[in-house]
Amino acid sequence: RIEAHLRLSTPNLSPICFFLISFALMGMNCPDLYSCEKPADAIIHYYRTKTRDRREDKAEMMVRMEPVVQELFSEYLSKDENSPLLFDFSTRYTTYEIMGANANKGLKRFSERVHFPKRITLYWARHSWASIANQVGISKYAISDCLGHKNREMRVSDIYICKDWEQLWETNREVLEHFRW
C-alpha cells in the first residue's frame, strides 16, 4: 500500500494543494517540486529532472514565486533553516514517486467526489496552466518556453536567442491572475 511509505511523523499532503503549487510554478513536475531548493530573491532555479540529461541547456528553468500564491506555499515550506530545500515534502514522503502516487490517489478520490467524468492527475496542472495561458491570448511559443519545452522548428533560432526570464515570469503572473483562486 502507498500509505505505508509515508513518514508517520507528519500529515499527508493535500492533493489539491499540491496540484495548485505545481500549477502556480508553471506546471513544475513532482520530482522537481520534491527536490526544489530555496529560491534567491523569490526565484526558483532548477533543471527539469525529466529532460535535463537530453538537452544542451540541461532544461534550465527559473520560476518566480508570485505573491498571489505565497499563502498556499506557507504550509508546505521547510521548517528546517539548515535545509537547502524550499518545501518539506521530503519529510512527509520518502520519495517523490510515493508523494506523486499519494497525491494522484487523493485527486482520484476528489474527481469521484465531485463527479468529474475523467480522473484528475498531477500532470493536469501543466495542462491546465497551458490551457489557461492559451485562453488568455499568450502565444504558443511563450507557453512552450514557460513549460520548459524545446521547439524543434526553432532549434537554430534558440541558439541565438537568450531566454527572457522576466517575460516568462510576467506570462505566469498573467495566467495566475486569470485563475479563480
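Residues numbered from 1 in each chain as written. Predicted model: local features only at pLDDT ≥ 70, side-chain atom pairs only at ≥ 80, totals over all residues. Heavy atoms only, no water.

Undergrad: If you had to explain helix H5 (residues 96-113) to someone new, which residues and values would you point to?
TA: Compared with the 26 Å implied by 1.5 Å per residue over 18 residues, the 25 Å span of H5 between its first and last C-alpha is a close match. All of the buried residues along H5 are Ile98, Met99, Gly100, Asn102, Ala103, Asn104, Gly106, Leu107 and Ser111. Buried-residue contacts for H5 involve helix H1 (15-24), helix H2 (30-34) and helix H4 (89-92). Backbone geometry just downstream of H5 places His115 in the positive-phi region, at approximately 60 degrees. (Helix = DSSP H or I, 4+ residues; strand = E, 2+ residues; numbered from the N terminus. Expected span 1.5 Å × (residues − 1). Buried < 20%, exposed > 50% of the residue type's maximum accessible area, 1.4 Å probe, protein only. Contact = heavy atoms within 4.5 Å.)

Undergrad: So, the environment of Phe87: which residues are in play, and what are the values?
TA: Considering the arrangement of structural elements, one finds Phe87 in the loop between helix H3 (70-74) and H4. Expressed as a C-alpha distance, the spacing of Phe87 and Glu75, which sit 12 residues apart in the sequence, is 8.9 Å.

Undergrad: Tell me about the packing of helix H6 (residues 124-135) against helix H9 (residues 165-178), and name the residues and values.
TA: Between H6 and H9, whose axes approach to 9 Å, the crossing angle comes to 90 degrees. Considered as vectors, H6 and H9 are oriented roughly perpendicular to each other. For the pair formed by H6 and H9, the contact residues are Trp129, Ile132 and Ala133 on the first element and Thr171, Asn172, Val175 and His178 on the second. The residue makeup of the contact of H6 with H9, split by class, is four nonpolar, three polar and no charged. (Axes fitted to C-alpha atoms, helices over the stretch in contact; angles between N-to-C directions. Parallel < 35°, antiparallel > 145°, perpendicular 65-115°, else oblique. Nonpolar A, V, L, I, M, F, W, Y, C, P; charged D, E, K, R; others polar.)

Undergrad: Would you mind going over the confidence of the model for the protein chain in detail, with residue names and values included?
TA: Here the protein chain averages 86 in pLDDT, and 86% of its residues register 70 or above. When the criterion is pLDDT under 50, residues 1-11 qualifies, and its contacts beyond four places in sequence or with other chains add up to 19 contacts. (pLDDT = per-residue confidence, 0-100.)

Undergrad: Please provide a residue-by-residue account of the packing of aromatic side chains, values included.
TA: Counted according to the given criterion, the structure contains six aromatic pairs. Between Phe23 and Phe179, the ring centres sit 4.6 Å apart and the planes meet at 40 degrees, which makes this aromatic pair tilted. Here Phe23 is found in helix H1, whereas its partner Phe179 is found in the segment after H9, with 156 residues between them in sequence. Here Phe23 falls in the buried class, since its relative accessible area comes to 0%. Judged by its relative accessible area of 23%, Phe179 falls in the partly exposed class. Ring geometry for Tyr76 against Phe89: centres 6.3 Å apart, planes inclined by 45 degrees, an arrangement best described as tilted. On the criterion of sequence distance, the pair formed by Tyr76 in the loop between H3 and H4 and Phe89 in helix H4 is long-range, its members being 13 residues apart. Each member of the pair, Tyr76 as well as Phe89, is classed as buried. (Phe/Tyr/Trp six-rings, centres within 6.5 Å; stacked < 30°, edge-to-face > 60°.)

Undergrad: Lay out the side chain of Asp88 with the relevant residues and their values.
TA: Mapped onto the fold, Asp88 is located in the loop between H3 and H4. In this structure Asp88 comes out as buried when scored by relative accessible area, which is 9%. Here Asp88 is in contact with Glu75, Tyr76, Leu77, Ser78 and Lys79, once residues within four sequence places are set aside.

Undergrad: Tell me about the pattern of salt bridges, and please be specific about residues and values.
TA: In total, this model carries eight salt bridges according to the counting rule given. One salt bridge connects Arg92 with Asp88, and the closest N-O pair in it is separated by 2.8 Å. Arg173 serves as the salt-bridge partner of Glu170, at 2.7 Å between the closest nitrogen and oxygen. Of this pair, Glu170 and Arg173 both sit in helix H9, three residues apart, which is roughly one turn of the helix. Connected via shared salt-bridge partners are Arg64, Glu66, Glu166, Glu170, Arg173 and Glu177. (Salt bridge = Lys/Arg side-chain N within 4 Å of Asp/Glu carboxyl O.)

Undergrad: Break down H9 for me, citing the residues and quoting the values.
TA: For H9, which comprises 14 residues, the first-to-last C-alpha distance of 20 Å matches the rise-based estimate of 20 Å (1.5 Å per residue) to within 8%. Looking at H9, one finds that the buried residues are Trp165, Leu168, Trp169, Thr171, Asn172, Val175 and Leu176. The buried residues of H9 occupy one face: seen down the axis, they fall within an arc of 155 degrees. Turning to H9, the residues buried within the fold contact H1, strand E1 (43-47), strand E2 (60-64), H6 and helix H7 (140-146). With a side-chain oxygen positioned 3.2 Å from the backbone nitrogen of Glu166, the residue opening H9 is Asp164. (Arc of directions from axis to C-beta. Polar contact = N/O pair within 3.5 Å; in protein donor to acceptor, adjacent residues only side chain to side chain.)

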